[in-house]
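A look at the structure
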There are 2 protein chains.
Amino acid sequence: MPGKRYLETLTPVETAIRELVSRLPGSVETLRLPVWEAVGMVAAEDIVLEHDFPPRPRSAYDGYAVRSEDTPGRLRLVGEAPIGRVDPGLRVGPGEAVYVTTGAYLPEGADAVVPEEEARVENGYIVVEKKYGKWRNVDPPGSIAARGTVLVEAGTVLTVPDAVGLLDVGATEGVFYRRLQVGIIETGNELFRPTTPGETRERVLRGEVVATTGDLIHWFIEEYMPWVEVIDRVMLPDNLDALVWYIKRLMDHADAVLVTGGTGPSEIDLFYRLPDAVGGELVVRGIYVKGGRPTSAVVAGGKLVLGLSGHPLSGLHGLIRLAYPVLAHMGGVRKPPALPVYKARLSSPIGRGRPRPVKVRLRAADGVLYADPLPKVLQLSSANVGLALGDGLALVEDREYAEGEEVVVLAYRTPRGYGAPAIRF
Amino acid sequence: MPGKRYLETLTPVETAIRELVSRLPGSVETLRLPVWEAVGMVAAEDIVLEHDFPPRPRSAYDGYAVRSEDTPGRLRLVGEAPIGRVDPGLRVGPGEAVYVTTGAYLPEGADAVVPEEEARVENGYIVVEKKYGKWRNVDPPGSIAARGTVLVEAGTVLTVPDAVGLLDVGATEGVFYRRLQVGIIETGNELFRPTTPGETRERVLRGEVVATTGDLIHWFIEEYMPWVEVIDRVMLPDNLDALVWYIKRLMDHADAVLVTGGTGPSEIDLFYRLPDAVGGELVVRGIYVKGGRPTSAVVAGGKLVLGLSGHPLSGLHGLIRLAYPVLAHMGGVRKPPALPVYKARLSSPIGRGRPRPVKVRLRAADGVLYADPLPKVLQLSSANVGLALGDGLALVEDREYAEGEEVVVLAYRTPRGYGAPAIRF
């Protein structure tokens, strides 16, 4: 059976990743940038704190900065030092107190803070009833983060929370890799882009196919791979010469080219012809996942040309399984931003078959997340409508899954009750 | 103790949500739009399939369209009908076959498909060795989705996978709510925006505070609340008159105004003064979460003014716990897009305390996801640097958590090994 022979030559994904990673550089050029301009980029070096933080003792509460040796006692209020307002002349002498807010540096002389609600105010004086030891309610220098602390490790894709954390302690710049530049080419004579709702509907009903594989791939990259910049996206007919020409043009400035579609013989031709055309090596020819037969990869001059299935979901699946780790390698990524990946219990078993995305509905009940696979007909690679009817994709391996077993689900919707009570809607 | 009294007056979050939702409209104006222009918007009505799909019998394989009654047999190849290429003149007569690709409509006359690898080709003929029943390897009309199927329910925030699914079957338009319009005002005399790395660092070390609460809130809305559009974002000093003036201006066209900061007495003044100034009602004054005392809400003319803590993390926490469900209600959302929320096992216990975000590192080992809380000093609301040192926020309730217990973590980074083997890096 030809089917059998095809399958035997498919490369396991982990092998394909290894082969590609060993041939592709694991970094690109670097830039020194302010951290607030580097969100989504990859730290090329550790970001290290160059000073103690706080640099001076800081109040941990709204209250009164005092000399610990004066407590308990009746202290004269001599001023206020709210956060951010710096008065170098202000100091706390014997028997004195200064009003401070959370995060404010303690005025010279003070070494403890009496929280607002633990002091009584009496015309210009505060009455403190108990002893407050040195550094009580105070963050001493370096107590939040000491000089030399690695705040962000090399390989981290900088997130907004990271940038907020860095700015808070005055770690304001870092060295980052420039973004990877990637082009997307969609091929297929049958493809068209939507125009008006009416015309688009008519063409679909006549048997034409809306070009959506590029949409899915572009979406995933934009949402979840911010270290990658899509610099070009184009739709081409099934014309080998045009395709080779366009790929070569893109390779002048892109780090990688993703080609979707052409699942027929022409695609195979492309990847057999491409190595000669671009002076490269055919490294992958078919991976062992469903819809992975057309997946091909050529490496030339440290650059990647990756062919993915033209079926929207198979193309996306190839991106997630193969392109994601390879582009992470090329971009120097070791700590990527969060993916909406849930672990869910299957409500019905899944049989063997090449690793594949199974369209599922998600359902949270009694604190347990369930994945309900959609009916078989909606699992066909020609039944993309299942994407709208489901909430996520269970990324299953080639083995049997029993009812109740846990699967990895890439979710695009959060079911009601998941994350509750913290997250409600 | 004054502290006690404060606590007793704080409103539980679920009560605050209920009070606000009962006073705020659950929808906005609607628009009829092409689905490819509505990603991120909320379906105001069910999107229903208006025709059977496929509308005509469609091949489920690359192979040969035949008349089932002619099998087994030797059939003359009379043409080809690849997907998307429509030739109305082509038909399969007795003893004939037409080459088709997956997803192509069957030519008139055919009612079964012989997969390519199950037929032998002999100069212009194919030899079929067994019987193929009616509709064998064919998707009959309506088999993928029947006319009348609800493809996307009202209340769904349209995602890219949804749009792909809808386009695939020719469901090309829908009725959507316009995006909610929201303004963000950051207040605080101590705040400044970063300029150069050097100057920014100096100012932080002098005790000034970079305005980042707005960054965190803006980030969360942009990433995870696409039905909301931030139409204005401004930083104002602690000046009540200016603040009231700006809020009133925004309320002319915004559905909601989020005010961060002013944790001191001025903020309290704001929300006691605002109801009169805008002709509204003070509905919430302090919620029972850590850093929730300054959380206030005024409802006026079906619009919301929500005050959140000026501490970046407390502000974000208020957004997630209170603003997220309330803005979901106002936007008509019942099925939001995915949040990167993981369930993780605590590697150390967490004590009682108001519901709060606990900064955690995430670690995947042997298929189990662990949350390691950062040290106590980094949990201070004045220690935002913990955001850079952690990977996510455990959103805990007011109870004790034992080691090994599961917590809900809003992650901004995915730890290595989580999602493997499907997702590798």
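Residues numbered from 1 in each chain as written. Chains lettered and ligands numbered in written order. Predicted model: local features only at pLDDT ≥ 70, side-chain atom pairs only at ≥ 80, totals over all residues. Heavy atoms only, no water.

Let's talk about the overall build of chain A
- In terms of regular secondary structure, chain A is built from 9 helices and 26 strands.
- Here the C-alpha radius of gyration of chain A, 30 Å, is well above what a compact globule of 425 residues would show, namely 22 Å.
- For chain A, the spread of C-alpha atoms along the three principal axes comes to 95 × 50 × 45 Å.
- For chain A, the residues scored as buried account for 58% of the 425 residues in total.
- Sequence-distant contacts in chain A: of pairs separated by 6 or more residues, those separated by 24 or more amount to 73%.
- When the accessible area of chain A is evaluated, it comes to approximately 16,400 Å², of which 48% is carbon and sulfur surface.
- Averaging the locations of the 48 positively and 54 negatively charged side chains of chain A gives two centres separated by 4 Å. (Helix = DSSP H or I, 4+ residues; strand = E, 2+ residues; numbered from the N terminus. Rg over C-alpha atoms; globule rule 2.2 N^0.38 Å. Buried < 20%, exposed > 50% of the residue type's maximum accessible area, 1.4 Å probe, protein only. Contact = heavy atoms within 4.5 Å. Areas by Shrake-Rupley, 256 points an atom, 1.4 Å probe, with all protein chains shown as cover. Lys, Arg positive; Asp, Glu negative; His and termini not counted. Charge placed at Lys NZ, Arg CZ, Asp CG, Glu CD.)

Re the environment of Asp87(A)
- On the secondary structure map, Asp87(A) appears in the loop between strand 6 (73–81) and strand 7 (96–100).
- Sequence-wise, Asp87(A) and Leu10(A) are 77 residues apart; in three dimensions their C-alpha atoms are separated by 71 Å.

With respect to the interface of chain A and chain B
- Facing 101 residues of chain A, the contacting portion of chain B comprises 100 residues.
- A buried area of about 8,900 Å², summed over both sides, lies between chain A and chain B, and 67% of it is on carbon and sulfur atoms.
- Summed over the shared surface of chain A and chain B, the number is 4 salt bridges.
- Linking Arg413(A) and Asp162(B) is a salt bridge whose minimum nitrogen-to-oxygen distance equals 2.7 Å.
- The interface formed by chain A and chain B holds 28 residue pairs in polar contact (both at pLDDT 80 or more) in total.
- Counting residues per element, the side of chain A that touches chain B draws most heavily on helix 3 (residues 160–168) of chain A, at 8 residues. (Buried area = accessible area lost by both parts, 1.4 Å probe. Salt bridge = Lys/Arg side-chain N within 4 Å of Asp/Glu carboxyl O. Polar contact = N/O pair within 3.5 Å; in protein donor to acceptor, adjacent residues only side chain to side chain.)

Points about the sheet that holds strand 13 (residues 173–177) of chain B
All names here are of chain B.
- Across the sheet, 3 strands lie side by side as 1-13-2; this open sheet has antiparallel pairing. Two strands close off the open sheet at either side, each with one partner strand: strand 1 (30–34) and strand 2 (42–43).
- Pairing of strand 2 with strand 13 involves 2 bridges; the strand directions are antiparallel. Following the sheet pairing, Ala 43 is matched in strand 13 by Phe 176. (Pairing = 2+ DSSP bridges.)

Concerning helix 2 (residues 13–23) of chain B
Residues and elements named next belong to chain B.
- All buried positions along helix 2 are accounted for by Val 13, Ala 16, Ile 17 and Leu 20. Summarising the axial view, the buried residues of helix 2 lie within an arc of 100°, below the 170-degree limit, and thus occupy one face. In helix 2, the exposed positions angled more than 90 degrees off the buried face are occupied by Arg 18 and Ser 22.
- Tucked into the core, helix 2 has its buried residues touching strand 19 (281–285), strand 20 (296–300), strand 21 (303–308) and helix 8 (312–330). (Arc of directions from axis to C-beta.)

Things to note about the pattern of salt bridges
- Taken as a whole, this structure holds 56 salt bridges over all chains when the rule is applied.
- Note that Arg120(B) is salt-bridged to Glu129(B), the shortest N-O span being 2.8 Å.
- By relative accessible area, which is 59% here, Glu129(B) ends up exposed.
- Here the residues in one salt-bridge network are Arg74(A), Arg120(A), Glu122(A) and Glu129(A), joined through shared partners.

Section: the sheet that holds strand 8 (residues 112–115) of chain B
Residues and elements named next belong to chain B.
- Read from one edge to the other, the open sheet built from 6 strands follows the order 8-5-7-6-10-9, with strand pairing classed as mixed. Strands at the two margins of the open sheet, each flanked by one partner only, are strand 8 and strand 9 (119–122). Direction aside, the axes of adjacent strands within the sheet are offset by 40° on average.
- Both strand 5 (residues 63–66) and strand 8 contribute to a ladder of 4 bridges, which runs antiparallel. Counterpart to Val 66 in the pairing with strand 8 is Ala 112. (Axes fitted to C-alpha atoms, helices over the stretch in contact; angles between N-to-C directions.)

What to know about helix 8 (residues 312–330) of chain A
All names here are of chain A.
- The sharpest bend along helix 8 comes to roughly 45°, located at Ala 323, with the proline Pro 325 sitting one to four residues further on.
- Across the 19 residues of helix 8, 18 count as buried, placing the element largely inside the fold.
- Following helix 8 by one or two positions, Gly 332 has its phi on the positive side, about 75°. (Bend = angle between axes of the 7 residues up to and from the residue.)

Some remarks on the pairing of strand 9 of chain B
All names here are of chain B.
- For strand 9 and strand 10 (residues 125–128), the ladder comprises 4 bridges, and the chain directions are antiparallel. Looking at strand 10, one finds that Glu 122 is bridged to Tyr 125.
- What sits between strand 9 and strand 10 in their antiparallel hairpin is a turn of 2 residues, with Gly 124 showing a positive phi close to 80°.

Thoughts on the relation of the copies chain A and chain B
- Expressed as a screw operation, the relation of chain A to chain B combines 0.0 Å of axial shift with a rotation of 180°, fitting to an RMSD of 0.1 Å. Classification of the inter-copy transformation places it as that of a two-fold axis. Taking C-alpha positions as reference, the residue of chain A nearest the rotation axis is Pro340(A), located at 2.0 Å.
- Comparing interface residues between copies, 98% of those in chain A also sit at the interface in chain B, which points to an isologous, same-surface contact. (Least-squares fit on C-alpha atoms with pLDDT ≥ 70 in both.)

What about a negative patch on the surface?
- On the surface, Glu222(A), Glu223(A), Glu222(B) and Glu223(B) cluster together to form a negatively charged patch.
- When contributions to the negative patch are tallied by element, the ones reaching two or more residues are helix 5 (213–224) of chain A together with helix 5 (213–224) of chain B.
- Structurally, Glu223(A) can be placed in helix 5. (Patch = residues over 30% accessible without salt bridge, like charges linked within 9 Å, V, L, I, M, F, W, Y side chains within 5 Å.)

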